[in-house]
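# Chains, contacts and geometry: an overview
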Amino acid sequence: MNKLYDVIIAGAGPVGLFLAHELALANCAVLVLEKEPSAQMPWKSKPLGLRGVNSNSVEAFYRRGLLDALVDDADQRPQRPDKAIPFQFGGHFAGIMVNASQLDLARFPYRLAGPALYPAKTDMERICTALNHQVAKRGVTVVYGAEVTVLEQDADQVVVQAGGQHYQGRWLVGCDGGRSQVRKLAGFEFVGTEASCTGYSVHCELADPEKLAMGFQYTTNGLYVQASPGHLALMEYDGGRFDRSQEVTAAHFQAVLRRVSGTDVTVNSIQMAATFTDRCKQVTQYRQGRVLLAGDSAHIHSPLGAQGLNAGIGDALNLGWKLAATVKGRAPAALIDSYQSERHPVASWVLDWTRAQVACMAPGPQGEALAQLLRDLIQTDDGANHFLGKLWGLTLRYELGDSHPLVGASAPDLELTDGSRLGPKMADGQGLLVTLGDDRDLAGLCRGRAGLEYLALAAKDNLGLGAMLIRPDGIVAWVSEAGSPADLGAAQAAIARWFGQ
Ligand SMILES: Cc1cc2nc3c(=O)[nH]c(=O)nc-3n(C[C@H](O)[C@H](O)[C@H](O)COP(=O)(O)OP(=O)(O)OC[C@H]3O[C@@H](n4cnc5c(N)ncnc54)[C@H](O)[C@@H]3O)c2cc1C
């Protein structure tokens, strides 16, 4: 155990690998420890590994030059809804479809139509393969068959035991999923609500698939979704009783499926099965000394509404540059803890978003009444745009203490007069001070600063903006309006707050 890594990451899932990539961009020495023997895990591939990623996740990959690795098939690429088509799937809330054709971009003035505005479909295997490839190129060591089982920390470092070896790091980040060992070993407080149902995502062979309807089906005992024959997701309001360490046998799943669907469908065999519950829990603090958590290790909830991976990628994006600046000794004192103040409320919202859906889908007249009310609301233009804004992440904005609507939100993907766009200029993970026109005084503020680059750009439409300070995670930290001189003092203060004196 000679080498002292800057950061050890437990878990080579999508969040751990995305974080490793962010840290590697900033030249940190990173070690990833993964308990599974190899990167190939059957549950990560389609159909069980299929995942919807929202606009914020798509944008994160796009900005780092990884969008092509995230999605390839034409129908999985982010697609602009066609207004001429009366209904296009934009997501769902408790099985109630949200119509993307109702999207009104004028309501999201800084979100510009472009390659990364719309959600996409991908799968866990594809994400992890792409990220594994990228981190290997950037010198990250990933050790498989290395389950973190013991950790100790002091004021300077963390020592972990994994796969019979000891490893030393200045920091440890637990990205080890919903049943996180790191969370337990470091004594994080994990609070929330207990399960009321058990969910199943199953690929099976049915003797008589025609007995089940296709699509989302509310029933008197829960909900089932048949995406294609034998590819099923369902939730049973069983009080969360199913012991999830048990194997899902054909007999067990058939009994559940019959209860939920009210049919006498027959399950011949199970190809693959994953279970989940609607347990909603979140750590109260995202950091204990030199140990941090990100992704499912910090927050768990049901997959309703497809937000978990998005929340995790958002954590990694938010934490990566802050931790890197801390490791490099150039971070302002409070920077690392802004991870907690910015990301805790986001996951807290995700937990509530899934809780509300569980209430809405609950069998019985109360659930039905709530679902009908929401159905009516979601059909209105205001309702559809509210839900699209939340589901796609278009309304995400951190409270940074500035009332300008763009401060705390994602930087607009401006179209530039040379035909390029702003997004890909963030590929190397640096912060940017962007002027739309040249401003020598602002340029001077960046001179000699590590991690911050000055860019003078010409946009086809500058949206009324004169200059922006953009953090490495793409979040705008300061703006100046076009047509008036930039407030240099305010720009300087914002730079000091996020990039140090
Ligand atoms: C059926 C289903 C459908 C879903 N659909 C969506 C969707 O459409 N959109 C969406 O945004 N989210 C979705 N989610 C949620 C999403 O899959 C998770 O939020 C996401 O995988 C979390 O990523 P992670 O890297 O934090 O954790 P994980 O993906 O769980 O990865 C954790 C990694 O850590 C490893 N590990 C565990 N313990 C240790 C240890 N002690 N030491 C070392 N390694 C360890 C694990 O082997 C694993 O590789 C869905 C979830 C389910 C169950």
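Higher on the page you've got the structure.
Read on for a plain summary of the structure. (Residues numbered from 1 in each chain as written. Predicted model: local features only at pLDDT ≥ 70, side-chain atom pairs only at ≥ 80, totals over all residues. Heavy atoms only, no water.)

Moving on, we get to the pattern of salt bridges. For the structure on display, the rule yields 19 salt bridges. Residues Lys211 and Asp208 are paired through a salt bridge, measuring 3.1 Å at the closest nitrogen-oxygen approach. Judged by its relative accessible area of 9%, Asp208 is buried. Here the salt bridges share partners, and the residues they tie into one network are Lys322, Glu342, Arg471 and Asp473. (Salt bridge = Lys/Arg side-chain N within 4 Å of Asp/Glu carboxyl O. Buried < 20%, exposed > 50% of the residue type's maximum accessible area, 1.4 Å probe, protein only.)

Before going further, it helps to spend a moment on the side chain of Gln357. The residue Gln357 is located in helix H8 (residues 338–361) in this model. Here Gln357 falls in the buried class, since its relative accessible area comes to 0%. Among the polar contacts made by the side chain of Gln357, one reaches the main-chain amide nitrogen of Ala94 at a distance of 2.7 Å. Not counting chain neighbours up to four residues away, the residues in contact with Gln357 comprise His92, Phe93, Ala94, Tyr237, Leu304 and Gly305. (Helix = DSSP H or I, 4+ residues; strand = E, 2+ residues; numbered from the N terminus. Polar contact = N/O pair within 3.5 Å; in protein donor to acceptor, adjacent residues only side chain to side chain. Contact = heavy atoms within 4.5 Å.)

This paragraph deals with the site of the ligand. In the vicinity of the ligand, 27 residues are found, and the nearest of them are Glu34, Arg51, Gly52, Asp296 and Leu309. Residue Lys35 places a main-chain N or O atom 3.2 Å away from a nitrogen atom belonging to the ligand. Asn310 places a main-chain nitrogen or oxygen 3.2 Å from an oxygen atom of the ligand. Where the shell around the ligand is concerned, the elements lending two or more residues are helix H1 (14–25), strand S2 (30–34), strand S3 (50–53) and helix H7 (308–327). Per-element accounting of the shell around the ligand gives the leading share, three residues, to H7. Counted by class, the shell around the ligand contains 10 nonpolar, 10 polar and seven charged residues. (Near = heavy atom within 4 Å. Nonpolar A, V, L, I, M, F, W, Y, C, P; charged D, E, K, R; others polar.)

In this model, helix H4 (residues 124–137) (14 residues) spans 20 Å end to end at C-alpha, consistent with the 20 Å of a helix rising 1.5 Å per residue. Among the residues making up H4, those that are buried are Met124, Ile127, Cys128, Ala130, Leu131, Asn132, Gln134 and Val135. Its side-chain oxygen 3.2 Å from the backbone nitrogen of Glu125, Asp123 forms the N-cap of H4. After H4 finishes, the residue Gly139 shows a positive phi value of roughly 85°. (Expected span 1.5 Å × (residues − 1).)

Our next topic: the environment of Met97. When you line up the elements, Met97 lands in strand S5 (residues 96–99). The class of Met97 is partly exposed, set by a relative accessible area of 31%. When the C-alpha atoms of Met97 and Phe87 are compared, they prove to be 9.5 Å apart, with 10 residues separating the residues in sequence. Sequence-distant contacts of Met97, that is, excluding residues within four places in its chain, are made with Phe87, Phe89, Gly91, His92, Phe216 and Ile378.

Below, the discussion takes up the packing of aromatic side chains. Within this structure, the stated rule accounts for 11 aromatic pairs. Consider the rings of Tyr118 and Trp392, whose centres lie 6.0 Å apart with planes at 90°: the pair is edge-to-face. Placement of the pair is Tyr118 in the loop between S5 and strand S6 (120–123) and Trp392 in the loop between helix H10 (381–391) and strand S21 (431–436), with a sequence separation of 274 residues. When sorted by exposure, Tyr118 lands in the same class as Trp392, which is buried. Seen from their ring centres, Trp349 and Trp353 are 4.9 Å apart, and the 40° between their planes marks the pair as tilted. Highlighted residues: Trp349 and Trp353, both in helix H8, separated by four residues, approximately one helical turn. A relative accessible area of 26% places Trp349 in the partly exposed class. What makes Trp353 buried here is its relative accessible area of 8%. (Phe/Tyr/Trp six-rings, centres within 6.5 Å; stacked < 30°, edge-to-face > 60°.)

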